[in-house]
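Here is how the chains run, residue by residue.
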Amino acid sequence: MLQRRALLSGAASLAALAACGERAAVEAIDGAYTGIAHDRGHLLREPSAERLPDVTHRVHTVIAGGGIAGLAAARALRLHGHDDFALLELEDAPGGNSRGTQVMGIACPQGAHYLPLPGDDAREVQDLLEELGLRRRVAGRWTYDERHLCHSPQERLFFHGQWQDGLLPLQGVGADTLAQYRRFAALVADAQRQARYAIPVLRSQFAPVQLAQDAITFKAWLDQQGLTDAQLRWYLDYACRDDFGAGIGAVSAWAGLHYFASRHGFQAPGDGDDGPHDAVLTWAEGNGWLSARLAAPLGDRLRTGRVVRRIAPEREGVAVDAIDVATGRVERWLARQAVVALPLHVAARVVQPAPEALRQLAAGVRTAPWVVANLRLRAPLQDRPGAAPSWDNVVYGGAGLGYVDAMHQSLRPVPGPTVLTWYRALGEEPNARAALLSAPWSAWRDAALAELAPAHPDLAAKTLRVEVTRYGHAMAVP
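Computed from a predicted model, the values in this text were never measured in an experiment. (Residues numbered from 1 in each chain as written. Predicted model: local features only at pLDDT ≥ 70, side-chain atom pairs only at ≥ 80, totals over all residues. Heavy atoms only, no water.)

Taken residue by residue, helix α6 (residues 123-131) has Q126, L128 and L129 as its buried positions. Here the buried residues of α6 occupy an arc of 160 degrees about the axis, which is enough to place them on one side. If you follow the buried residues of α6, they end up packed against α5 (68-79), β6 (115-116), β7 (135-138), β8 (141-144), β11 (280-281) and α12 (288-295). In the stretch just after α6, G133 is the one whose phi turns positive, near 80 degrees. (Buried < 20%, exposed > 50% of the residue type's maximum accessible area, 1.4 Å probe, protein only. Helix = DSSP H or I, 4+ residues; strand = E, 2+ residues; numbered from the N terminus. Arc of directions from axis to C-beta. Contact = heavy atoms within 4.5 Å.)

Residues V201, L202, F206 and L211 make up a contiguous nonpolar surface patch of about 410 Å² in total accessible area. When you line up the elements, L211 lands in helix α8 (residues 208-214). The class for L211 is exposed, based on a relative accessible area of 52%. (Patch = residues over 30% accessible without salt bridge, like charges linked within 9 Å, V, L, I, M, F, W, Y side chains within 5 Å. Areas by Shrake-Rupley, 256 points an atom, 1.4 Å probe, with all protein chains shown as cover. Salt bridge = Lys/Arg side-chain N within 4 Å of Asp/Glu carboxyl O.)

On to the sheet that holds strand β9 (residues 155-159), then. Hydrogen bonds between backbone groups are what pair the strands of a sheet, and the pairing can be parallel or antiparallel. A sheet is described by the order of its strands in space; here 8 strands give the open sequence β1-β20-β16-β19-β18-β17-β9-β10, paired in mixed fashion. Each edge of the sheet is formed by a strand with only one pairing partner; in this case those strands are β1 (30-33) and β10 (162-165). Sheet twist, expressed as the average angle between the axes of neighbouring strands with direction ignored, equals 25 degrees. Sheet topology places strand β16 (residues 367-377) next to strand β20 (residues 463-476); 10 bridges connect them, and they run antiparallel. Residue pairing across strands places A368 opposite M475, the latter belonging to β20. Lying on the sheet, helix α16 (residues 441-452) is in contact with β1, β16, β17 (392-395), β18 (403-405), β19 (418-425) and β20; it crosses β19 at an angle near 100 degrees. (Pairing = 2+ DSSP bridges. Axes fitted to C-alpha atoms, helices over the stretch in contact; angles between N-to-C directions.)

Another point: the packing of α5 against α12. Two elements in contact, α5 and α12, have axes separated by 9 Å at closest approach and are oriented at 35 degrees. Our pair here, α5 against α12, has a crossing hand that is left-handed. Counted together, I68, L71 and R75 of α5 and S291, L294 and A295 of α12 form the full contact between these two elements. In terms of residue class, the contact of α5 with α12 is built from 4 nonpolar, 1 polar and 1 charged. (Left-handed = near helix turned anticlockwise from the far one by under 90°. Nonpolar A, V, L, I, M, F, W, Y, C, P; charged D, E, K, R; others polar.)

This brings us to the packing of aromatic side chains. Evaluated as defined, the whole model comprises 17 aromatic pairs. With centroids separated by 5.0 Å and ring planes inclined at 80 degrees, the aromatic side chains of F184 and F266 adopt a geometry described as edge-to-face. Within this pair, whereas F184 is found in helix α7 (residues 175-194), its partner F266 is found in the loop between α11 (253-261) and β11, the two being separated by 82 residues in sequence. Like F184, the residue F266 is buried in the burial classification. Centroid distance W234 to Y238: 5.6 Å. Interplanar angle 25 degrees. Geometry classified as stacked. You can see W234 and its partner Y238 sitting in helix α10 (residues 230-244), 4 residues apart, about one turn around the helix. Of the two residues examined, W234 and Y238, each falls in the buried class. Here the aromatic residues Y181, F184, F218, W221, Y235, Y259, F260 and F266 are joined through ring pairs into a cluster of three or more. One residue, R156, lies across the ring of W163, its end atom 3.7 Å from the ring centre. (Phe/Tyr/Trp six-rings, centres within 6.5 Å; stacked < 30°, edge-to-face > 60°. Lys NZ or Arg CZ within 6 Å of the ring centre and 35° of its normal.)

To continue, consider the state of the cysteines. Throughout the structure, instances matching the rule amount to 0 disulfides. There is no disulfide at C150, and the cysteine sulfur nearest it, in C108, is 16 Å away. Judged by its relative accessible area of 8%, C150 falls in the buried class. (Disulfide = S-S within 2.5 Å.)

This is the structure in structure tokens:
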């Protein structure tokens, strides 16, 4: 069970806290589950009995789902002069996995927390950033608003008892490890020469060599290449868990290589600039900054608190039935067309009849649960030796993905209260979704504190509140 393998994995660290007399400080930390109304989504598990609508609306287009996909669809309609639409969203705020929140007055992410600068393949993202004023031409060159670019230092790793710059383990590693870093860098460069890896993925090449990579796990591919070094494998596993929700034993070799080959490659120490990183845009509230701006022009065309139960063809278009959770009434939206911006497993339930292609796609997709915990601190933490506090801070060997500092972009002259947003992907944990529903919020408080305690022994004493957001289907595992 998840509680045994994951939640109790930090028992030794928590025991150490108790031995130091700090367990009482842990228990004093207030908190709650926030952000996701699981009971609404689970209404879809119940048989959808035919029920006459309590109210009927007519509109040209209905968008089902208010995550980034649904918000992008609404933007596309607006830009093409189509204003007669309604967007139906299950939660009380749009944005899906890209929402933000506040904990005791400090903005912080509830999910995705950055946007890489788009390359030439992501023309639509470039266009959005221009619309939002984040990107513009200056003297013939594209420039980005530096207020929104992630400030330096960006990343650090707690490794061998101190902090180091970057997330690739370097401090004190031996010659064999460095040789494997160079070997992997050469293999990534070779993959880039053999085929095209692109973001968005649909602009990749899908050459035979890539299809062969997609047929085996990343771990099996690393075995074939003789890449067995523990530090290299930890880093690659971390990268896959961070981007795909599951590690090298679950994702395909194509996915693992795509992570690097579609971006900046992989630079081994000493090969040019050590540890290059793509620049990213980030905000205190994470990508909630973006979703809020996509939603702002919608006005009353955005209908939150709607559980879409049925999408079915009608004689002159489509009918969309949704429950208004505030009133319990069934709304029927009659439209000329519908945009289904829902997760595949949800779409396969509510589209009636579901096309065979949709059913097959939904059956073939495995999704990873996630946990996001926001820890509100009353004061800055004491720091261990090594690299300075960064935006992204990771503990080597931790089950989680480390934390980002919500106040990293602040221009305040001295550190102060902040929120640390800790992430944990559960794509390889058995029974993870059932455990997410049954575990108390405090279990994730304890897991976060335990993981971060070696780097921050004063964390428990300075944490005032922990708000935990659970995502049962956060992302697809490729």
